[in-house]
Structures are given as structure tokens and as C-alpha cells.
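The residues making up each chain are set out below.
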Amino acid sequence: MRWGRCMVRMVLLLVASVGVALVWNALSPKGIPLVGQWNAEVGVVTPTPDADENAATVQTVEEAKALWMSGVVFLDARDSGSYEEGHIKGAVSLSVYDFESRFFDFLDAYPPDTLFVVYCSGRLCDESHRLAVLLKEGGYSRVRIFADGIPAWVAAGLPVGEGE
Amino acid sequence: MKADVENGLMARVLPVLELLSRWVLGLLFIYAGVQKIIDPYGFAKTIYGYGILPGDLVNITGIVLPWVEVMAGGGLLLGVWPASSSGVISGLLLVFMVAIVYNIARGYTFDCGCFGAGDDNTGWGTVWRDTAMLIPAVGILLFKGRRRVCLCAGGE
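This is a predicted model, so every value here is computed, not measured. (Residues numbered from 1 in each chain as written. Chains lettered and ligands numbered in written order. Predicted model: local features only at pLDDT ≥ 70, side-chain atom pairs only at ≥ 80, totals over all residues.)

Peer 1: How should the overall build of chain A be read in this particular structure?
Peer 2: Looking only at helices and strands, one finds seven helices and six strands in chain A. Relative to a compact globule of 164 residues, whose C-alpha radius of gyration would be 15 Å, chain A shows 21 Å and is clearly more extended. Principal-axis analysis of the C-alpha atoms places the extent of chain A at approximately 70 × 35 × 30 Å. A total of 164 residues make up chain A; the buried ones form 34% of that total. (Helix = DSSP H or I, 4+ residues; strand = E, 2+ residues; numbered from the N terminus. Rg over C-alpha atoms; globule rule 2.2 N^0.38 Å. Buried ≥ 20, exposed ≤ 12 C-beta atoms within 10 Å, placed from the backbone.)

Peer 1: I tried to follow the nonpolar core on my own but got confused; where do I start?
Peer 2: Across soluble globular proteins, nonpolar side chains show a tendency to be buried alongside one another. With 63 residues, the main nonpolar core has A:Ala77, A:Val118, A:Tyr119, A:Leu131, A:Ile145, B:Ala72 and B:Ile89 as its most contacted residues. A total of 11 residues in this core trace back to one element, the largest contributor, which is helix α3 (residues 55-78) of chain B. A domain split of this core shows at least three residues from each of domain 1 (1-31) and domain 2 (51-161) of chain A. Among residues more than four places away in sequence, those in contact with A:Ile145 are A:Gly43, A:Val44, A:Glu53, A:Thr57, A:Val58, A:Val118, A:Tyr119, A:Ser128, A:His129 and A:Ala132. (Core = buried A, V, L, I, M, F, W, Y, C linked by C-beta atoms within 7 Å. Domains from an automatic or database assignment. Contact = placed C-beta atoms within 7 Å.)

Peer 1: I would appreciate a short explanation of the environment of A:Ala156 in the present structure.
Peer 2: Of note, A:Ala156 is situated in the loop between α7 (149-155) and β6 (160-161). Linking A:Ala156 and A:Glu62, residues 94 residues apart in sequence, is a C-alpha distance of 9.2 Å.

Peer 1: In this structure, what is going on with the pairing of strand β4 (residues 116-119) of chain A? I would like to understand it.
Peer 2: Each regular strand carries side chains that alternate between the two faces of the sheet. Side chains A:Phe116 and A:Val118 project from β4(A) onto one buried face, and the interleaved A:Val117 and A:Tyr119 project onto a second face that is buried too. Each parallel crossover has a hand, and for β4(A) linked through helix α6 (residues 127-137) of chain A to strand β5 (residues 143-145) of chain A it is right-handed. (Right-handed = clockwise from strand over helix to strand, strands pointing away.)

Peer 1: How do you make sense of the domain arrangement of chain A when you look at a structure like this?
Peer 2: Accessible area lost upon the coming together of the parts is a frequently used measure of interface size. For chain A, the domain assignment lists domain 1 (1-31) and domain 2 (51-161). The gap between the C-alpha centroids of domain 1 of chain A and domain 2 of chain A is 41 Å.

Peer 1: Hey, could you run me through the sheet that holds strand β3 (residues 92-93) of chain A in this one?
Peer 2: Note: strands within a sheet are paired through backbone hydrogen bonds, in either parallel or antiparallel orientation. Residue and element names in this part refer to chain A. Taken in spatial order, the four strands of this open sheet run β3-β1-β4-β5, and their pairing is parallel. Where the open sheet ends on each side, the last strands, each with one partner, are β3 and β5. One ladder, built from three bridges, connects β4 with β5; its direction is parallel. Counted as the bridge partner of Val-118 is Ile-145 from β5. On top of the sheet, α6 reaches β1 (73-76), β4 and β5; it is set at about 175° to β5, its chief contact. (Pairing = 2+ DSSP bridges. Axes fitted to C-alpha atoms, helices over the stretch in contact; angles between N-to-C directions.)

Peer 1: Looking at this structure, how should I read the pairing of β1(A)?
Peer 2: Residue and element names in this part refer to chain A. In terms of strand pairing, β1 meets β4 through four bridges, oriented parallel. Within β4, the position partnered with Phe-74 by the bridge is Val-117. Across two bridges, β1 lies against β3 in parallel orientation. Looking at β3, one finds that Leu-75 is bridged to Val-92.

Peer 1: Would you mind showing me how to read the packing of helix α4 (residues 82-105) of chain B against helix α5 (residues 124-142) of chain B here?
Peer 2: In a packed pair of helices, the relevant descriptors are the angle between the two axes and the axis-to-axis distance. Residues and elements named next belong to chain B. Where α4 meets α5, the axes come as close as 9 Å, and the angle between the chain directions of the two elements is 160°. In terms of orientation, α4 and α5 fall into the roughly antiparallel class. Viewed along their axes, α4 and α5 form a crossing whose handedness is left-handed. Taken together, the residues of α5 that come into contact with α4 (itself represented by Pro-82, Ala-83, Ser-86, Gly-87, Ile-89, Ser-90, Leu-93, Phe-96, Met-97, Ile-100 and Val-101) are Thr-126, Val-127, Asp-130, Met-133, Leu-134, Ala-137, Val-138, Ile-140 and Leu-141. When the residues that make up the contact of α4 with α5 are grouped by side-chain class, the tally is 15 nonpolar, four polar and one charged. (Parallel < 35°, antiparallel > 145°, perpendicular 65-115°, else oblique. Left-handed = near helix turned anticlockwise from the far one by under 90°. Nonpolar A, V, L, I, M, F, W, Y, C, P; charged D, E, K, R; others polar.)

Right under this line is the structure:
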């Protein structure tokens, strides 16, 4: 066996894989961008970043508190069990895991120009990002993500609600 | 005389072992790759969870790596460039093992994403599993005899 030829073929195999992968990713409806948003300082991390969403991210607890005080609707994107254990006081549960069954009630309750602040359990969870995407697809264009989510809210000693 | 008998036995057993190793490893890697290809979003998150690659490389790795697994696995299964395919697979296994051990060393365990998202957590178990796959992979790479059931380039 000739090792040189083996090495060349390994490189060819890798190059062919890269080619197939890029074509597949470009054609697949599940394809993701070549570069994701993995910088937690910018906002919630996600493979499928959205430039508008990053610009609209609520970066600090103070900013979130100001929005909350002004009566903006907060949406908890986590599963309903986590919501019941503790959520930002007054926040409405809209779990991404049962979004479809709950969304019609939202269409009735909130006009399309409603400002929402969505959150999950910090910058490393992606439920808030997924909920923001779903809401935008559903016609709500004013959605902001509170990136630090419930842990920062609790740590700051701000009001928390429990139960349904 | 006894050595001849043993050699004859080895000459008959090793090619069968080589073929079985190729089929099993090939199927495992195709399966593992397909699980990731159907959920690139989840696999990119898994790669991010390993906390090793710079952010700009996470998505592209999530896109390309599963196809390397499928192509190399397919090479083993069909007997196309089997030695080169097993070389690539050995390399992948070594990279996986280093990534997992590095995270064990700093106290991280998480969904390993080995066969797609949400299967099992990293730990010494996954390292041993990788070792168990590395042995036949290296065996295929070093196999000197005539390979059975190969579509092309049975040597390399």
C-alpha cells in the first residue's frame, strides 16, 4: 500500500464532503447560515441569526426593568413547567413547545403592533430566539429579546411570579 | 507446521474480520452523519456546547462534519477507497476523543450529539466507545491482504 496515494485520497474525500455539504445546505429547507451568532455578548446565541433581532435585543436588566415598568407585555418562551416554577411577574407564558396550540388566542388578544419582550433562561438558551422568529412569522413585527432572561431578573431582586 | 496452520487460519479469518469491521463502522458512521444532517440547527448548538471552536466556525463545522462521516462511512460500506475512508474515520474519532476528554478535564459534561442531538451525555463512556471504534478503523487502515467486496481501489 502506498501511503502517499492514501493521503491524497483522504484529502480528496474531505474536499468532496465539503462540496456535497455546501450544496446540500444551500438547497435544504433546513439549511443554516454559514456563520451563526455565537457571541453571547451580542445577544442570545443561535445558529440562525437575525440582524434586526440582534439590534432589538434588550441587553441589560435595567433596560428590561424600564420596559416592564412601562407596561410592555413580557412573554416567557420556556416550557410551561419552568414558567410555573417562576417567571417575571406579569409575564405571559407562550412556550415555543406548544406555540401552535396557543398562538390563535394571542392573535385575538394582542393587535399586530403590540410590543413584546420575550425571554428564556439567559443568553445560552434559544427559546427566546425561536419564539421571536415564530412571532414575526405570525405577523408581530415588534418583538424584542431580553437576552439575560429570568436568572438575571431574579439576581437583580426584581418581582417574580409563580404558578399558572 | 503448526505456524503454517495458524497462518492459514489468520489468512482466512482476517479478511472476513476486515469486511465485517468495514460494514459495521460504515453503517454506524452513515447513521451518525444522517442524524446530524437532518437537524443542522441542533447539531450546530451541540458543537457550540463543546466550547472549543471559535464562533465563526461553529455553523460551517455543523454543515460539513456530518457529510464527512457519511462519505467516509459510505466508502467503507461500499469498498471505495477503504483505507483512505478508514483513515478519515480514525482522524474523526481522535478529534472526538480529544474534544470529549478536554471537556471532561475541565468538568463539562453535556449532550454529546454523537448520533444526533439528545441521545446521551459525554463522559468516559463515550470516550471508550470511540476507542472501541478506533480499533477496527485502524485495523482496516493497516490491513495488508486482498480486501473482499470492494467496488474500487481495494488497496488504498
